[in-house]
Amino acid sequence: ENSNDKKVICNKFTQPSAVSCLIWLSSGIIVAGLEDGRVRALHCKNNKSQNLYGTESMAICLASNTRGTGVISGHDDGSVVRFYLVEENSEPSGRLFQHTVPPSALAWSNGGGIVAAGCDKKVNFYDSQGRLQRSFDYSRDDNEREFMVATSSPNGQSVAIGSFDRVRIFTWSPRQNAWNEALSKEIPNLYSITALAWRKDGSRLCVGTVTGGVLYFESVIKRTIWQDKFEITFVAPSQVMMKT
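We now turn to the structure provided with this report. (Residues numbered from 1 in each chain as written. Predicted model: local features only at pLDDT ≥ 70, side-chain atom pairs only at ≥ 80, totals over all residues. Heavy atoms only, no water.)

1. Quick look at the sheet that holds strand β3 (residues 38–43)
Okay, step 1: Spatially, the four strands line up as an open sheet ordered β1-β2-β3-β4, and their pairing is antiparallel. Every other strand in the sheet has two partners, leaving β1 (19–24) and β4 (48–54) as the edge strands with one partner each. Within the sheet, the average angular offset between the axes of one strand and its neighbour, ignoring direction, is 25°.
Okay, step 2: Examined bridge by bridge, strand β2 (residues 30–34) and β3 share four bridges and lie antiparallel to one another. Residue pairing in the sheet places A32 in a bridge with R40 of β3. (Pairing = 2+ DSSP bridges. Helix = DSSP H or I, 4+ residues; strand = E, 2+ residues; numbered from the N terminus. Axes fitted to C-alpha atoms, helices over the stretch in contact; angles between N-to-C directions.)

2. Details of the pattern of salt bridges
Okay, step 1: Applying the stated rule across the entire model yields nine salt bridges.
Okay, step 2: Of the charged contacts in the structure, one is a salt bridge between R38 and D36, with a shortest N-O distance of 2.8 Å.
Okay, step 3: When its relative accessible area of 26% is taken as the criterion, R38 is described as partly exposed.
Okay, step 4: Classification of D36 as partly exposed rests on a relative accessible area of 30%.
Okay, step 5: A salt bridge links R131 to D127; its shortest N-O distance comes to 2.9 Å.
Okay, step 6: Classification of R131 by relative accessible area gives exposed; the value is 53%.
Okay, step 7: According to the relative accessible area criterion, D127 is buried, its value standing at 14%.
Okay, step 8: What emerges from the salt-bridge pattern is a single network uniting D141, E144, R166, R168, E181 and E186. (Salt bridge = Lys/Arg side-chain N within 4 Å of Asp/Glu carboxyl O. Buried < 20%, exposed > 50% of the residue type's maximum accessible area, 1.4 Å probe, protein only.)

3. Quick word on the sheet that holds strand β6 (residues 70–75)
Okay, step 1: If you trace the four strands from one edge of the open sheet to the other, you get β5-β6-β7-β8, paired in antiparallel fashion. Looking along the sheet, the strands with just one partner apiece sit at the ends: β5 (59–64) and β8 (94–98). Strand-to-strand twist of the sheet, defined as the mean angle between neighbouring strand axes without regard to direction, takes the value 25°.

4. So, unusual backbone geometry
Okay, step 1: Its identity is not glycine, yet K121 carries a phi of approximately 65°, on the positive side.
Okay, step 2: Checked against the element boundaries, K121 lands in the loop between β10 (114–117) and β11 (122–126).
Okay, step 3: Backbone geometry at N177 places phi at a positive 55°, although glycine is not the residue there.
Okay, step 4: Structurally, the position occupied by N177 is in the loop between β15 (166–173) and β16 (178–186).

5. Let's talk about the state of the cysteines
Okay, step 1: Taken as a whole and assessed by the stated rule, the structure comprises zero disulfides.
Okay, step 2: Just so you know, C61 is unpaired, no disulfide at all, and the nearest cysteine sulfur is the one on C21, 6.5 Å from it. (Disulfide = S-S within 2.5 Å.)

6. Here we look at the packing of aromatic side chains
Within a pair of aromatic rings, the relevant descriptors are the distance that separates the centres and the angle that separates the planes.
Okay, step 1: A full pass over the atoms with the stated rule returns ten aromatic pairs.
Okay, step 2: By way of ring pairs, the aromatic residues F125, F136, F170, W172 and W179 are connected into one cluster.
Okay, step 3: Sitting above the plane of the F164 ring, R145 keeps its charged end 3.8 Å from the centroid.
Okay, step 4: Seen from the ring of Y138, R168 lies directly overhead, with NZ or CZ sitting 3.9 Å from the centre. (Phe/Tyr/Trp six-rings, centres within 6.5 Å; stacked < 30°, edge-to-face > 60°. Lys NZ or Arg CZ within 6 Å of the ring centre and 35° of its normal.)

7. Notes on the pairing of β1
Okay, step 1: Strand direction decides the pairing type here: β1 and β2, joined by five bridges, are antiparallel. Opposite V19, over in β2, you have L34 as the bridge partner.
Okay, step 2: From the end of β1 to the start of β2, which pair antiparallel, there are five residues, and G28 there has a positive phi angle of about 105°.

8. A look at a nonpolar patch on the surface
Okay, step 1: On the surface, W226, V240 and M242 cluster together into a nonpolar patch covering about 310 Å² of accessible area.
Okay, step 2: Tracing the chain through its elements places V240 in strand β22 (residues 239–243).
Okay, step 3: When its relative accessible area of 44% is taken as the criterion, V240 is described as partly exposed. (Patch = residues over 30% accessible without salt bridge, like charges linked within 9 Å, V, L, I, M, F, W, Y side chains within 5 Å. Areas by Shrake-Rupley, 256 points an atom, 1.4 Å probe, with all protein chains shown as cover.)

9. Comments concerning the nonpolar core
Okay, step 1: By size, the foremost hydrophobic cluster in this structure holds 14 residues, and its most contacted members are V115, V123, F125, F147, I161 and F170.
Okay, step 2: Not counting residues within four places of it along the chain, the set of residues in contact with I161 comprises A105, V115, V123, F147, V149, A150, R166, V167, R168, F170 and L196.
Okay, step 3: The next biggest cluster of nonpolar side chains, apart from the first, holds 13 residues, and it includes I29, V31, V71 and V81. (Core = buried A, V, L, I, M, F, W, Y, C linked by side-chain atoms within 4.5 Å. Contact = heavy atoms within 4.5 Å.)

Right under this line is the structure:
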């Protein structure tokens, strides 16, 4: 509660291999991807770890669905594996698809859609069955470089992907039933983007860079005043925020 209070370690999880990626689910479970290819669940209540699944290739990134009940992992050999911690539907756990390159940028959006991108300058969107839905190819763009990181908005209707000096935003169009590129923000001398995080209401996007910079962006469709009393902010086609 106070910065002067004594700090103590409340949980400590010793792993058999180096931790290459980490994610904290909304359900309270911490999931770690290891250098030896294993993906493990870390339980804070009993201070225990358990293997979720294991592969022969290093885990390089993790992402969860919007409900926090499932996790996907991207591996160095290009494979993407899905695992549900809560049995809520008929979708099986296991290897989902094989991406063309190691998916350094991985996100799990609303409706089961998964976006994967990497060093080939392509952004691929897959459905819940692992089938390719749409691909955006930037390999002929000399100003574009490899994609480093991706994250899905809290409502799952938008995905942000970071590369060199640029953030790209993709949104789901219910009318077209497809993903479209909505915005590309280029910032000279920003260098490689290494971290992305959305605010819980989806109205802000935080960007971290390899040079130590942290930038804070507003991400809304439009803003209006209603009856001179309420400020209405359209965060997504099906989501608004009202302030007095």
